[in-house]
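Tertiary structure, described
As a plain string of letters, each chain reads:
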Amino acid sequence: ALLGDAVHSVKPYFGLGVNAAFEDVAALGQALDDSPDLPNALRAFSAKRAGEARVLVQLSRSFDLGGWRSFAFFIGPLILDGIFHGVAPSLFAPNTLAMLQKPHLSFA
């Protein structure tokens with residue numbers, strides 16, 4: 001079983017690598033509690049966390065544009081999201097990084 005950054009390496013500015021690792025440990029602990037058979041527990045753990053890991057890695061990789069593209073497709077929209085959400089919060093959601101830090105939301 002792979003846990004933490006071995007499965008889902010994210011950009012350091014996300015602040016989510018350790019959080020995802022804690023979620024992995026909790027899910028693995030639950031899978032081990034639910035099944036005394038290690039191979040079955042590992043399969044259950046993988047099934048539970050695979051979607052989250054895949055989406056987190058894809059999201060993190062999408063920020064690897066560089067140069068003006070980083071600003072146009074990452075920094076600029078974050079700034080605009082923050083402004084729009086501040087002006088009309090009922091119409092605009094918080095920016096992507098703020099949304100990622102909400103514990104009740106899932107990545108998948």
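In case you missed it, the structure is sitting above this.
Residues numbered from 1 in each chain as written. Predicted model: local features only at pLDDT ≥ 70, side-chain atom pairs only at ≥ 80, totals over all residues. Heavy atoms only, no water.

With that out of the way, let us pick up helix H3 (residues 67-87). Here H3 spans 29 Å end to end across 21 residues, near enough to the 30 Å set by a 1.5 Å rise per residue. Burial in H3 covers these residues: Ser70, Phe74, Gly76 and Leu78. Packed against the buried residues of H3 are helix H4 (96-100). (Helix = DSSP H or I, 4+ residues; strand = E, 2+ residues; numbered from the N terminus. Expected span 1.5 Å × (residues − 1). Buried < 20%, exposed > 50% of the residue type's maximum accessible area, 1.4 Å probe, protein only. Contact = heavy atoms within 4.5 Å.)

On to the nonpolar core, then. If you look at the biggest cluster of nonpolar residues, it comprises eight residues: Val10, Leu16, Ala20, Leu56, Phe74, Leu78, Leu97 and Leu100. Those elements that provide at least two residues to this core are H3 and H4. Discounting residues that sit within four places of it in the chain, Leu78 has contacts with Asn95, Thr96 and Leu97. Of all hydrophobic cores here, the second largest spans five residues; its members include Ala27, Leu28, Ala41 and Phe45. (Core = buried A, V, L, I, M, F, W, Y, C linked by side-chain atoms within 4.5 Å.)

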